[in-house]
Structures are given as C-alpha cells and as structure tokens.
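Architecture and fold: a report
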Amino acid sequence: MAPPPGQPLFLARAGYRQRRLRDALRLLPVFGAILWMLPLLWPKGSDEGYSNGNALIYIFAVWVLLIGAALLMSRRLRPEGAIEEAEDADR
Amino acid sequence: MLTFNLLVAVALSYVAFLFIVAFVAERRAAQGDDAWLSAPVIYTLSLSIYCTAWTFYGAVGYAARSGLEYLTIYLGPSLVMLGWWWVLRKLVRIGRTHRITSIADLISSRFGKSTALGVIVTLLCIVGVAPYIALQLQSITLSFAVFAGEGGAVWEASDLNSVALWSAAGLALFTVLFGTRNLDANERHHGVVMAIAVEAVVKLAALLAVGIFVVWGIGGGVASTLDRIETSDIAHWEQSGGRWMGLTFLSAAAFLCLPRMFHVLVVENANERHLATASWAFPTYVMLMSLFVVPIAVVGLDILPAGSNPDLFVLSVPLSQGREGLATLSFLGGFSSATSMVIVATIALATMVSNHIVVPIWLRSRSQGAMMSGDVRAIVLMARRVSIGAVLALGYVYYRVSGGGGALAAIGLISFAGVAQILPVMLGAIFWRGATRIGAAAGLLTGFAIWGWSLFLPSFGEDAVIPMSVMSQGPWGIGWLRPQALFGIDGIDPLLHATFWSILLNAAMFVLCSLISFPNPLERLQGAQFVNVFEHSQGARAWAPNAAQAEDLLIMVQRIIGPGQAQSIFQKAAAAQGKEGYLPDVTPEFVQSIERLLSGSVGAATAHAMVSQVTEGASVSVEDLIAVADEAAQILEYSSKLEAKSAEQERTARALRDANAKLTALSIQKDAFLSQISHELRTPMTSIRAFSEILQDGGLPAEAQRKYAGIIQEEATRLTRLLDDLLDLTVLENGQVVLHPQEGMLHDLLDRAVSAAGLRDGGIRIVRRKADEGVSLLTDLDRLGQVFINLISNAQKYCDAKTPELRIVVHRVAGGTVVDFVDNGTGIPPAQQQVIFEKFSRLGDHARAGGAGLGLAICREIMERLGGRVSYLPGQGGAAFRVTLPKPEALAAE
C-alpha cells in the first residue's frame, strides 16, 4: 500500500525521535569517558610533555561540551509514557 | 584585626541562620506548601554534599601536590550524572516503588528482604564513613586554628579537641532536631534538604570568590595566571594513567554507594524528572567548584612561605593579603561543606543502624512480636536519635585516636574504596535477575576483608595495627598475602592495588556464588520486580489472600505511623474497594501496599517480618512464581488494560456484594423489627386497654385509681416516645428538619450530655480530658447534644466489661475535630459493624436495652444534616464511635 503523496511513510515520527534521543543519552557518558581519558595518551615529562595549563583548558572544554549536550537533551526529553501517547496522536 | 571570638560569633550566627532556614522549610512543608521545596534546583543543590570539606580545602592541597589528579574526584560523579539514564533512573524508580530508605535497605530488600545483608552493608558503611566524619571535624578545627594562629595564639591539642567536640555535639543536636522529627512513610526531610541547599550555595560562592580574587586580584587576569601555571612546580602533564582511570572509577562508584549520596540521590528524590535537570546542573556545579583550584594552588605556592600547609591555602591566601572578609566567607564555605556532609551522612547511617540493627534485635527480643508490642514509633525514633549520637561519637573518637594528623588526609580515598565495595552487588541487584543473597553476602564480605587488610588497617600507620614484619613478609611468612602486594605482585600504588583486588575478587565471588546457589521464592520475586521495575511497577503479589484480619493490620500500622495517618490510609483503601468505613478487604494488593508503607518507616526486612507475623507467615503463592517467569510477565504486560478493566469490575462486584449482604441482613432485621414493634406497640396497648376497662367499671378506691391511671400514663408515654423516634427519623431523612445554630463550647455540651444521659450509680465511669475540650462550636447544639447523649447511654447499656469505662477523647485530625467515644467492652463484631447505623438494626437480638434500634440511625441522620459524621472506629479495644464535628464553614454555607 503506497503512502499518499506528500506524507511520510513512517507515521510515529515523534516516538522515533524520542527513542533515538534516549540512545544518545546512553552514549553520552561513554563519549565523555573516552574524551577525558584521552590526555593519558599525550607525551609526559618536562622536556617535550604537554603543559598542565593546556590540559586544564582541554578538560574544562570537554566538561562544557558535555554539560551543553546534556542540557539540550534533557530539554527535549519527554516523560516516559509520552512516546506512546505521541504515537497515538500521530495515528 | 579579625578576632577569634568574632569568628566564633560569625560561625554561631551562621548556624542559627541554618536552624531558621530548616525550621521554616519544615513549617512550610507541614502546611502542604512544598512545591518550591521539591524544585529540581533544590534537588541538584542537595547533591552538592558530595563536595565535602575534604574537596573544599583538600582539592587545592591535592593540586599543589599532584597537579591535575584532583579533577578525577569530580570527573567520576559528572560521568555518573551524565549517564543517569543507565543507573540512576532505575535506582530512583526502584527507590520510589519499593520505598527504599537507605542503601542497606536496597540490598536487603532486593535479596529477599534479608536481615543479614542489611547488617553487613550497614557495618561496612559505618566502618567506611566514620573516618570520613572524623576528617570533617578535623577540617573544622584546623580552619579555626588558622584564624587563631593569625591572631597570634598558638593552639594546643586540647583547644583543637574541644572545638572538635563542640562541633560534633552541635551537629548531633541539629541532626536530631531536623532528621528525626517524624517517622515519615517517605523518609524525607524538607528542613535538612533546604539547609544543605543553602550551604551548597554558600560554599560555591565562597570558592568562586576566593578564585576570582586570586585570578584577578593577585594573578593579574586569566592570561598571566596561565603563565604562572606554566612556570610553577606543577607545570607539566605527568599524570599516571592507572591513577587517573582508577580514581575516576572510584569516585564514580563512591558517588553511587556512599550512604549520604544514596540518601540525597534516591531517598530524598521527589520526582524522577529532577534527574534530567540534575544531569547537567550537577556537572556544572562541580565544574565551577573545581574551576579555580589550580590557580589558588599555584598562587599559594608562589606567594606563601615554603612549608605552608597547601590544604589551607583557601584560607591562608586571602588572610596573607589582609582580606579578612573574604577569608571569613571562605571559612563559612568550608564550614558549610563539613557540616552538610556530616548531617546527611549521620542521618543516612542512623537510619540504617536503627532499621537494620536496632529494630530487628528489639523485635526479636519481644516474644509476642509486633502485634502486642507498644508504640513502635517511639522506639524507632529513639533508636534513630541514639544512633545519630553514636555515629558522631564514633567520628569524634576516630579523630582523637588517629591524632587528627596527616593520617586523616588520605582517608577520603580510603573511605571511597570501602563503600565502593557495594557497587558490584548494587549493579547486580538492579540488572541481573540471577544474583542471589548468598552471592551478595560472599561478594560483600570478600571485598570488605580485602579492603580492610590491604588499605584500611595499613592506613593507621606503620606498626599501628599491622606490624612491619607482616607488611614486608606477610602473615606467618606467607609472602603472597602481604597487604600491599597480594599474590606476590609488588610495586603497585597501594590505593590502586587495594581497589583493583578488592573490587575484582568481590565481583568474582558475587557472580560465582550467585551462579552456584539457589534463591528462595521471595528473592526471585524481588529480583524480578527490581530488575524489571519499568515493566511492572505495580508490583507482584506476595500474600495468600485473607490470611490476615484487617483489624489486626490496622492495630499494627497505628502503632508505627500513628493513629490519624493509619486510619485515613485504611479509609482510603476501603473507599478504593468501594467500601465504607475503616476496614478494607485484606487483598494481596492491600497487604503489599501496607508492607511498602511500613518499609518506608522501618525498612523492608523489618516491615516484612512484622506483616508476616500478622498474616501468620503466609508465603509466596504459586501464581506469584508463575508471574516471575518471563513468559507470564509478557502476557501480563499485554493484558494490562484488560486487567484494569477487570479490577474496575471487581470493585463494582465487591460494592454490589456488600450492598446485597447489607440488604439481606436488613431484610431479616426488618422482619424481626416488625414483630418486635408490633410486640412493643401491643404490650402497652394491652395494659392501657385492660386498666382503662377496670377504671371504666368504677368502684375502686382512690388510691388504686391513681395507681392504674399512673400505669396508663406511663405506657402511653412509652408509646409516644417510640412514635416520636420514628417521626424524628422520618423528618430527618426527608430533610424537612429546621436547624437552630447556636454558639457554644464543646465541654459545656459534653457536660450536659453526660448529666442528661442519666448515669446510674456504680454504672459506667466516664473518663475525659477537659484540657482538650476547649473547642468552640457553631451548630445546632441541641441536636449535637442528642447524638452525644445517645452514644453515652448506648455505652452504658451495652458495655459488658466488669468495671465499665467510657473514654471521651477530643482531638484534631486532618478532616477537622473529632470526638471519640471508646468503651472497654468487647466491642462490636465486624459483621455487625456494617449495619449498626441502619434503622431497625440492633445488636444481636437481645432486647435488654429496651430501645427500638433507632438511636444510631437518628444519630447518623443528625450528623449528616449538621455537616459532620458519625462512624464506627475499629481497632480500639472496645466499641468506639467517632463523631466528626461539623466544620464552621459547612454550616455557614447553608
């Protein structure tokens, strides 16, 4: 059965978005952990090592990035149970 | 110059301010105005108790010694909060569904409500956290000493000790006052949460103020401060990878497992949605807390004389620049960090000690069990207060024994490693159905033992607990058991070494013993409910139906959460089943909800033990075990809508069944009444007719005439009274009655009712508390008095005790003022309680009272007209009637 022209094939779009948002929420800490462990690969020591000033700036930059992402996601997240309602509304 | 006394005054007025904040918050919450108390921002701020004095002062010292490693202490919790969808969301849902009161309660409840596991976790937490409390006391005393030193005084050890002792005593007082005010079914403390939220703001503001002063006041802006870092002792990135990852893991684990963090994260959580806000707001908070740590450390190393204690740079840098106001603010920040941590940690530990150690022992020591024991509420509260004192005393003793020296500085991480032992069991508890009680106990004990042997005991210093020879050669010369080189692997950082082996073997034992042991039915049931908490939050059934009597349950619940709350809960449950009165049917759902309610006050294991005493040890039914199986759970899920419908039908059916039973009983009683009333009418009629015939015949002496006329009159009066009653009832029922509202006092009305009830000498004794009766009324006093007289004379007629006694108790409940009439007789059997307020009903069929069974029906009609209520109050020992006085507005509206 072909969809009428101009209408998307997938109906429960809002619910689909919410589920992917939750996937992103799950991935966020993994992403953060990797970024924060990254400095361990940098060269160490006083001769050619990185300075602590740079490390400090890097770590706080990651922090701000993660906080911003979490803020955006929590704003868009709807309470549980809302997905099903959204899908019902779409139908 | 800032004098030391002034500083003490500042600290004391700050404490007084916190008392006021907590008090106002409690008041607002008690008035039901708690919307702003449960805002997400308050929740986020309350999480800040993670930042203790150890992080407030110690982070700078840490940075001065080992560069950026201090950041790991904040990175771990940030990751946990950012990943709230994984663990915290589930923990909070479980905590709310099962009314979890502490981390020990979570573990105990999940593994079949095991008392033993509750005890293990509680002990582990006490051992792990008491030194941490000592650390806070130390930081308070040291910060005082800095100011005293600035004033020229050199402090002796005894001065430090007395500051520590007074701080501990003050904290105990605050915690007892606001942490044990009531035994709430949700175990939430608005006053405490509000106070720590305020403290969170103070400590953040203090650290930011010092940081801004250091960067722009001393350092000369951001760029030159960065230059200063480049030229300092900690200029280079030399971080050990093992410690960086290990400490991040450890702080993340401790964030979840520390009793105080579990308390604010899960127990005090008012709304799951708050987690979404906290997921970004809390990382922001700790980021700001750690933002200026390195600049302060670098500037402190730069401008202060060599050998100054870097742990106190936050205080000594502003002081060295003559900024006393700033130093005082920073002092208050450190003070806030220490006090808020101690208060919440003490509440959390005291709850665990009282729920998992004191109350179970107390219950076991009473052979009669929970049913017959006195007011459990008072015992639990007292246990909690004593536990608070004991926990703080333990912290103080540890502070004294350890000498308050450098040994304490390392204790923060040691404490983290100790409580992190709960992590494997906690994660297993919420994600793995196969985890068993035996596995959990084995894992916890293994981890606890390794942590104690390889980290905690050696932390007391060389030769203090573990002799040097054991440290270097192992116990009895067994080399592979050396505390800091287990299995012969030498040269690892001691903290990493202990954390790695303890968590690894802990998790291994937990998994292994879970795999080979077999859970009991309750464990499986709880396991399914915890792991699949999102699928069926309504919970499974745990009880065989009707094994318990509603009245027994009511008696027990009254003793724990108080009569007022218990009665209103039972009334609501009855109403939900479509029944009137205070006694719902004892369905499995009802028993389970009662058990959850109690577990909010005394913990799951104890609540389970108490309820099963009443339900006579009814166990898990076959249906429950089927429900545990996955397939059945899925079917349940699909048919949940169907279930809701059938529940509705069940309610209707129950209401119909009740109505039918009532009608049948009434119809039988009506028949009986008809024959009774014809008898009652005929007897006086017969004598009236007989005597009037005799009088008509004449020829009697005057004396006999008078006597017969008297009999006729008496019988006629009796008839009139009966007809009056019937008429009265009809008028009331048809709503034709006219009320005459008057003003008056309750005690006058009761006085009049007692004297009008015509008590016989040697009859029933009336017990009243006149002090409570000073209630002014605006209602139809004559009608209300009629109700009182009726209830008093009923008690006189029906109370079958040897020395009958009627207690008239006036008190306030949620719905207004009530007057309880409680006698000490055998009471009214449940079957009769349903119908006593119907007309024509009479207790049994004995006619000794001589009434027509209309009294209580009239009472009920009157109270309804007046806008109040009269109802039977079960579970009071004898027969008990509750008159709910009409509210003044109700009458004014008419």
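Keep in mind that this is a model prediction, so the values were computed, not measured.

Attention now moves to the overall build of chain B. Check the secondary structure of chain B and you find 37 helices and 7 strands. Contacts in chain B between residues far apart in sequence, at least 24 positions, make up 79% of those at least 6 positions apart.

Quick look at the overall build of chain A now. Across its full length, chain A holds 3 helices and 0 strands. Listed N to C, the secondary structure of chain A is α-α-α in terms of helices and strands. Classification of the 91 residues of chain A by burial places 38% in the buried group. In chain A, once contacts between residues fewer than 6 apart in sequence are set aside, the share between residues at least 24 apart is 76%. Of the roughly 5700 Å² of accessible surface on chain A, 62% is carried by carbon and sulfur atoms.

It is worth spelling out the interface of chain B and chain A at this point. If you look at the interface, chain B gives 42 residues, while chain A gives 36 residues. Area buried by chain B at its contact with chain A is led by Leu82(B), Trp85(B) and Trp237(B), which between them contribute 24% of it. Here chain B and chain A share 0 salt bridges between them. Across the chain B-chain A interface, the total number found is 5 residue pairs in polar contact (both at pLDDT 80 or more). Counting only elements with at least two residues in the side of chain B that touches chain A, the list comes to helix H5 (72-82), helix H6 (88-97), helix H11 (222-230), helix H12 (241-257) and helix H14 (273-291) of chain B. Counting residues per element, the side of chain B that touches chain A draws most heavily on H14(B), at 10 residues.

Residues and elements named next belong to chain B. Applying the stated criterion across every chain, the model contains 16 salt bridges over all chains. Arg 228 is paired through a salt bridge with Asp 302; the nearest N and O atoms lie 2.6 Å apart. Taken together, the residues Arg 228 in helix H11 and Asp 302 in helix H15 (residues 293-303) connect sequence positions 74 residues apart. Across the pair Asp 772 and Arg 769 runs a salt bridge, and its minimum N-O distance is 2.9 Å. A relative accessible area of 29% places Asp 772 in the partly exposed class. A residue is classified by how much of its surface remains accessible, and Arg 769, at 52% relative accessible area, is exposed.

The predicted coordinates should not be examined in detail at positions where pLDDT is low. Model confidence for chain B is summarised by a mean pLDDT of 79, while 86% of its residues fall at 70 or above. Contacts for the low-pLDDT stretch residues 617-623 of chain B, under 50 throughout, to residues beyond four places or in other chains number 12 contacts.

It is worth spelling out the sheet that holds strand E4 (residues 805-813) of chain B at this point. Residues and elements named next belong to chain B. Across the sheet, which stays open at both edges, the 5 strands sit in the order E2-E4-E5-E7-E6 with mixed pairing between neighbours. Because the sheet does not close on itself, it has two edges, and the strands there are strand E2 (765-768) and strand E6 (869-872). On average, each strand axis in the sheet is inclined to that of its neighbour by 20°, with strand direction left out of account. Across 4 bridges, E6 lies against strand E7 (residues 880-884) in antiparallel orientation. Looking across to E7, one finds that Val 870 is bridged to Val 883. Packed on one face of the sheet, helix H33 (residues 746-756) meets E2, E4 and strand E5 (816-823) and runs near 175° to E2. Contacts from helix H36 (residues 855-866) reach E6 and E7 within the one sheet, and its direction differs from that of E6 by about 140°.

What follows is about unusual backbone geometry. Residues and elements named next belong to chain B. Residues other than glycine seldom take positive phi values, yet Lys 113 does so here, at roughly 55°. Locating Lys 113 in the fold gives a position in the loop between helix H7 (103-110) and helix H8 (115-150). On the basis of relative accessibility, which here comes to 15%, the residue Lys 113 falls in the buried class.

Taken as a whole and judged by the stated rule, the model has 22 aromatic pairs over all chains. With a centroid separation of 5.0 Å and 85° between ring planes, the pair formed by Phe19(B) and Phe174(B) is classed as edge-to-face. On the criterion of sequence distance, the pair formed by Phe19(B) in helix H1 (residues 4-30) and Phe174(B) in helix H9 (residues 157-179) is long-range, its members being 155 residues apart. Residues Tyr396(B) and Tyr399(B) carry aromatic rings whose centres are separated by 6.4 Å and whose planes lie at 35° to one another, so their mutual orientation is tilted. Of this pair, Tyr396(B) and Tyr399(B) are both found in helix H18 (residues 376-401), 3 residues apart, which corresponds to roughly one turn of the helix. Residue Tyr396(B) shares its accessibility class with Tyr399(B), and that shared class is buried. Connected via pairs of aromatic rings, a cluster forms that spans Tyr50(B), Trp54(B), Tyr132(B), Phe255(B), Phe282(B) and Phe416(B). When the ring centre of Tyr16(A) is taken as reference, the NZ or CZ atom of Arg20(A) above it lies at 4.8 Å.

Next up on the list: the side chain of Glu861(B). Residue and element names in this part refer to chain B. Looking at the element boundaries, Glu 861 is found in helix H36. Buried charged residue Glu 861 carries no salt bridge. Nearest counter-charge: Arg 865, at 4.1 Å. Each residue touching Glu 861, except ones within four places of it in the same chain, is listed here: Leu 729, Leu 732 and Glu 733.

Time to look at the nonpolar core. As a rule of thumb, soluble globular proteins bury nonpolar side chains together. The biggest cluster of nonpolar side chains holds 195 residues, and the ones touching the most others in it are Trp63(A), Leu68(B), Tyr70(B), Leu71(B), Leu91(B) and Phe416(B). Here the element with the most residues in this core is helix H10 (residues 190-218) of chain B; it accounts for 17 residues. The residues contacting Tyr70(B), other than those within four sequence positions of it, are Leu56(A), Ala59(B), Tyr62(B), Ala63(B), Ser290(B), Val293(B) and Val294(B). Counting 42 residues, the second largest nonpolar core, distinct from the first, contains Leu729(B), Phe837(B), Leu866(B) and Val870(B).

Residue and element names in this part refer to chain B. By the element assignment, Gly 439 lies in helix H21 (residues 437-456). Exposure remark for Gly 439: the relative accessible area of 0% places this residue in the buried category. For Gly 439 and Pro 519, which are 80 residues apart along the polypeptide, the C-alpha to C-alpha distance reads 9.8 Å. Ignoring anything within four residues of it in the chain, the contact list for Gly 439 reads Met 509, Phe 510, Cys 513, Ser 514 and Ser 517.

All names here are of chain B. Viewed as axis vectors pointing N to C, H6 and helix H13 (residues 259-267) meet at an angle of 75°, and their least axial separation amounts to 9 Å. The angle between H6 and H13 places the two elements in the roughly perpendicular class. Between H6, through Leu 88, Leu 91, Val 92 and Gly 95, and H13, the contact on the second element is made entirely by Phe 262, Leu 265 and Val 266. For the contact of H6 with H13, the class distribution of residues is 6 nonpolar, 1 polar and no charged.

All names here are of chain A. For chain A, the average pLDDT comes to 76, and 69% of its residues sit at 70 or higher. The spread of mean pLDDT over the elements of chain A runs between helix H3 (residues 82-90), the lowest at 47, and helix H2 (residues 52-76), the highest at 89. The low-confidence segment residues 84-91, where pLDDT is below 50, has 9 contacts with residues more than four positions distant or belonging to other chains.

All names here are of chain B. By the element assignment, Thr 122 lies in helix H8. Residue class for Thr 122 comes out buried when judged on its relative accessible area of 0%. Not counting chain neighbours up to four residues away, the residues in contact with Thr 122 comprise Ala 104, Met 352, Val 353, His 356 and Ile 357.

This part is about a nonpolar patch on the surface. Together, Trp476(B), Ile478(B), Trp480(B), Phe487(B), Ile489(B) and Ile492(B) make up an exposed nonpolar region whose accessible area comes to about 670 Å². By the secondary structure assignment, Trp476(B) is in the loop between helix H22 (468-473) and helix H23 (494-516).

Before going further, it helps to spend a moment on the pairing of E5(B). Regular strands have side chains that alternate between both faces of the sheet. Residues and elements named next belong to chain B. With respect to burial, E5 is a largely interior element, 8 of its 8 residues being buried. Sheet topology note: the E4/E5 ladder contains 8 bridges and is antiparallel. Its bridge partner being in E5, Ile 808 is matched across the sheet by Phe 821. Across 5 bridges, E5 lies against E7 in antiparallel orientation. Residue Asp 820 lies in a different strand from E7, and its bridge partner there is Arg 882.

Now for the environment of Asp823(B). All names here are of chain B. Examined against the element boundaries, Asp 823 turns out to sit in strand E5. Given a relative accessible area of 8%, Asp 823 falls into the buried group. In terms of polar contacts, Asp 823 uses its side chain to reach the backbone amide nitrogen of Gly 825, at 3.0 Å.

Criteria and thresholds
- Residues numbered from 1 in each chain as written.
- Chains lettered and ligands numbered in written order.
- Predicted model: local features only at pLDDT ≥ 70, side-chain atom pairs only at ≥ 80, totals over all residues.
- Heavy atoms only, no water.
- Helix = DSSP H or I, 4+ residues; strand = E, 2+ residues; numbered from the N terminus.
- Contact = heavy atoms within 4.5 Å.
- Buried < 20%, exposed > 50% of the residue type's maximum accessible area, 1.4 Å probe, protein only.
- Areas by Shrake-Rupley, 256 points an atom, 1.4 Å probe, with all protein chains shown as cover.
- Buried area = accessible area lost by both parts, 1.4 Å probe.
- Salt bridge = Lys/Arg side-chain N within 4 Å of Asp/Glu carboxyl O.
- Polar contact = N/O pair within 3.5 Å; in protein donor to acceptor, adjacent residues only side chain to side chain.
- pLDDT = per-residue confidence, 0-100.
- Pairing = 2+ DSSP bridges.
- Axes fitted to C-alpha atoms, helices over the stretch in contact; angles between N-to-C directions.
- Phe/Tyr/Trp six-rings, centres within 6.5 Å; stacked < 30°, edge-to-face > 60°.
- Lys NZ or Arg CZ within 6 Å of the ring centre and 35° of its normal.
- Lys, Arg positive; Asp, Glu negative; His and termini not counted.
- Core = buried A, V, L, I, M, F, W, Y, C linked by side-chain atoms within 4.5 Å.
- Parallel < 35°, antiparallel > 145°, perpendicular 65-115°, else oblique.
- Nonpolar A, V, L, I, M, F, W, Y, C, P; charged D, E, K, R; others polar.
- Patch = residues over 30% accessible without salt bridge, like charges linked within 9 Å, V, L, I, M, F, W, Y side chains within 5 Å.

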